[in-house]
Amino acid sequence: MSASFVPERWIPGERLTGAPVVPRPGPDAPVVGVLSLQGDVIEHLRVLRRVGAHAVQVKSAPQLEGVDALVLPGGESTTIGKLLVRFDLLSPLQARIADGLPVLGTCAGMILLSDELDQVEEQPLVGGLRVRTRRNAFGRQQDSFDARIEVMGIDGGPMDVAFIRAPRVVAVLDPTVEVLARVEDAPVVVRQGAIWATAFHPEVTGDDRLHAAFVATVPPR
Amino acid sequence: MNAADPHATDPRTGTSRVKRGLADMLKGGVIMDVVTPEQARIAEEAGAVAVMALERVPADIRAQGGVARMSDPDMIDGIVETVSIPVMAKARIGHFVEAQVLASLGVDYIDESEVLTPADEAHHIDKWRFDVPFVCGATNLGEALRRLAEGAAMIRSKGEAGTGNVVEATRHMRAIAGEIRRLATMDETELYAAAKEHRAPVELVRECAETGRLPVVLFTAGGIATPADAAMMMQLGADGVFVGSGIFKSGNPEQRARAIVEATTHFEDPGVVAKVSRGLGEAMVGINLDTLPEDEKYAARGW
């Protein structure tokens, strides 16, 4: 089943008069899904469309089958993890990532992709990224901040990003994990092959360069 | 290969972007009223994206009467320490010192709420003065835009809290959506008149007209008691749902909380809503609005 046949419905954030006009992706454009159980789904869909991908929502296992790459959005990692389990998406997602599916996780997405968390409480994780991550590592909401940050491999100057109750990586568990950016010495952008993760939100600022770099690595259909 | 020596430059806290951004991260989720750390744990376990810490749920405030105020800081601390999800707390309308206290406790969002007894009959809190973001209730577009002008970073429909009756939330969601749709048909000259009619800044009115949406996240609140209520609000254009008395005043809070979370995610799929609605036990009893005296309606508080 091709994801392009998944009907595009109204989604939270896309309210009232509908979606703004966006460029139509070409026939060869990769189908990039955004996990749409909870979180800032619409922001990712919009960025992906601006950088030329065919962006679709993923709420079910059949929808997951139809995508060439997947974004795990910002949101509440405990909520998204539980919903992955309850709607039988966790195992299929883990299988596709093990199979080499390119994935990008931002904030909650980084937490979900991590193999380990720096906390006692258990929560469902997708895993695959060989790092240990600490949730809310910069503090509570009043400590959330906007910043400009240099990211290796992203040309054109520092990226404009937002850290919102953001996590950070506290330990890299495997030498194949590249650290592409740090704040206060902690990795905040990491990449391990096809798995990308950022502690911040590039999707809420209009700086589309990281998404463009990610989409560029997705093999053509 | 590691990054050479990158560093975050010009970090800024308390910006509109991070205030509104946290609300963006809550989209598609359910925020639950809790009065104890134990309830907060149940809410988090059920999949809530945040909890609202308060001393009494609206149904009890209604039943017991008296002046309803900000919660005891000990109680808020207890909830903050119990859960890892964001914690919100309520301040009275206009009570900027309650808001200062809540900010000092490190809550993640302040609800300047009509459910508590208003502390100022003319002025809402100047929310621009705070690094912590605020959510405010609204019954129509003009009220929502006035709250945004004062610095609110998130809006919720007021509904009629503590009634278990969704009719007022429906009215407010339809009002806000319909008024924005009408703005979108207007020319520039008409927008000035519309701003006057809505008693809202013309810049915000114009932004709604151009984008077809509020500039911030719009949740629904006030009377949501069942998974179908939550799904209906989502189909009416809500970005997410606040549930107050509806969970912990029902027969089986754990299961109902979970069902409302799942119905909010799959709000467009009646099969899922039906499945999660089975065997939930007693919903909260509820109040019919036509038997509720005008002076007991919370939605009329705030201006």
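We now turn to the structure provided with this report.

**Points about the overall build of chain A**
Now for step 1: The number of helices and strands found in chain A is 6 helices and 12 strands.
Now for step 2: When the 221 residues of chain A are sorted by exposure, 61% land in the buried category.
Now for step 3: At a minimum sequence separation of 6, the contacts of chain A that also span at least 24 residues come to 67%.
Now for step 4: Of the roughly 8000 Å² that chain A leaves accessible, carbon and sulfur atoms contribute 50%.

**Overview of the overall build of chain B**
Now for step 1: Scanning chain B from terminus to terminus reveals 13 helices and 9 strands.
Now for step 2: In terms of overall size, chain B behaves like a compact globule, its C-alpha atoms giving a radius of gyration of 19 Å where 303 residues would be expected to give roughly 19 Å.
Now for step 3: Each principal axis of the C-alpha distribution contributes one length, and for chain B these read about 60 × 55 × 45 Å.
Now for step 4: In chain B, buried positions account for 62% of the 303 residues.
Now for step 5: Taking all contacts inside chain B whose residues are at least 6 apart in sequence as the whole, residues at least 24 apart take part in 66%.
Now for step 6: Total accessible area on chain B is roughly 11500 Å²; 49% of this is exposed by carbon and sulfur atoms.
Now for step 7: Across chain B, the 32 positively charged side chains and the 45 negatively charged ones have centroids separated by 3 Å.

**A look at the packing of helix 6 (residues 141-149) of chain B against helix 9 (residues 202-211) of chain B**
Residues and elements named next belong to chain B.
Now for step 1: For the pair helix 6 and helix 9, interaxial distance at closest approach is 10 Å and the crossing angle is 120°. In this view, helix 6 runs oblique relative to helix 9, as classed from their interaxial angle. Crossing hand, helix 6 versus helix 9: right-handed. Taken together, the residues of helix 9 that come into contact with helix 6 (itself represented by L141, L145, L148 and A149) are L204, V205 and C208.
Now for step 2: Taken together, the residues of the contact of helix 6 with helix 9 sort by class into 7 nonpolar, no polar and no charged.

**Points about the layout of surface pockets**
Now for step 1: Looking at the second largest pocket, its volume works out to about 400 Å³.
Now for step 2: What lines the second largest pocket is a set of 21 residues, among which E121 and R135 of chain A together with E44, V83 and S84 of chain B lie closest to the centre.
Now for step 3: The leading source of residues in the lining of the second largest pocket is helix 2 (residues 37-46) of chain B, at 3 residues.
Now for step 4: Each residue belonging to the lining of the second largest pocket can be placed in one class, and the counts come to 2 nonpolar, 7 polar and 12 charged.

**Focus: the packing of aromatic side chains**
Residue and element names in this part refer to chain A.
Now for step 1: If you walk through the whole model with that rule in mind, you get 7 aromatic pairs over all chains.
Now for step 2: Pairing F138 with F145 gives two aromatic rings, centres 5.5 Å apart and planes at 70°, and the pair type is edge-to-face. For the pair formed by F138 and F145, the shared burial category is buried.
Now for step 3: Geometrically, the ring pair formed by F138 and F163 is edge-to-face, given 5.4 Å between the ring centres and 65° between the ring planes. With F138 in the loop between strand 6 (129-134) and strand 7 (145-149) and F163 in strand 8 (residues 159-163), this pair connects stretches of sequence that are 25 residues apart. Like F163, F138 is buried.
Now for step 4: Each member of the aromatic cluster is reached from another via a ring pair, and the members are F138, F145, F163 and F200.

**Remarks on the packing of helix 2 of chain B against helix 4 (residues 73-82) of chain B**
All names here are of chain B.
Now for step 1: Interaxial distance between helix 2 and helix 4 falls to 9 Å at its minimum, and their mutual angle equals 35°. As helix 2 packs across helix 4, the resulting crossing turns out to be right-handed. Every residue of helix 4 that contacts helix 2 at P37, A40, R41 and E44 is listed here: G78, I79 and T82.
Now for step 2: When its residues are assigned to classes, the contact of helix 2 with helix 4 shows 3 nonpolar, 2 polar and 2 charged.

**What about the nonpolar core?**
Now for step 1: Ranked by internal contacts, the top residues of the largest apolar core, which has 142 residues, are F163 and V188 of chain A together with L214 of chain B.
Now for step 2: Ignoring sequence-local partners within four residues, the contact set of F163 of chain A consists of F138, S144, F145, A147, I149, V183, V188, A199 and F200 of chain A together with V18 of chain B.
Now for step 3: Judged by nonpolar contacts, the second largest core, of 22 residues, contains A23, M25, L54 and M154 of chain B.

**Digging into the sheet that holds strand 9 (residues 168-172) of chain A**
All names here are of chain A.
Now for step 1: One open sheet holds the 3 strands; their spatial order is 5-6-9, and the pairing between them is mixed. Pairing within the sheet leaves two strands with one partner each, and these edge strands are strand 5 (114-117) and strand 9. On average, adjacent strands in this sheet sit at an angle of 40° to one another, irrespective of strand direction.

**Observations concerning the side chain of E44 of chain B**
Now for step 1: By the secondary structure assignment, E44 of chain B is in helix 2.
Now for step 2: With sequence-adjacent residues up to four places away left out, E44 of chain B is seen in contact with K82 of chain A together with T82, V83, S84 and I85 of chain B.

Calculation criteria
- Residues numbered from 1 in each chain as written.
- Chains lettered and ligands numbered in written order.
- Predicted model: local features only at pLDDT ≥ 70, side-chain atom pairs only at ≥ 80, totals over all residues.
- Heavy atoms only, no water.
- Helix = DSSP H or I, 4+ residues; strand = E, 2+ residues; numbered from the N terminus.
- Buried < 20%, exposed > 50% of the residue type's maximum accessible area, 1.4 Å probe, protein only.
- Contact = heavy atoms within 4.5 Å.
- Areas by Shrake-Rupley, 256 points an atom, 1.4 Å probe, with all protein chains shown as cover.
- Rg over C-alpha atoms; globule rule 2.2 N^0.38 Å.
- Lys, Arg positive; Asp, Glu negative; His and termini not counted.
- Charge placed at Lys NZ, Arg CZ, Asp CG, Glu CD.
- Axes fitted to C-alpha atoms, helices over the stretch in contact; angles between N-to-C directions.
- Parallel < 35°, antiparallel > 145°, perpendicular 65-115°, else oblique.
- Left-handed = near helix turned anticlockwise from the far one by under 90°.
- Nonpolar A, V, L, I, M, F, W, Y, C, P; charged D, E, K, R; others polar.
- 1 Å grid on protein atoms, 1.4 Å probe; cavity = no way out; pocket = protein on both sides within 12 Å on 5 of 7 lines; lining within 4 Å.
- Points joined across faces, edges and corners; volume = space filled by probe spheres on them.
- Phe/Tyr/Trp six-rings, centres within 6.5 Å; stacked < 30°, edge-to-face > 60°.
- Core = buried A, V, L, I, M, F, W, Y, C linked by side-chain atoms within 4.5 Å.
- Pairing = 2+ DSSP bridges.

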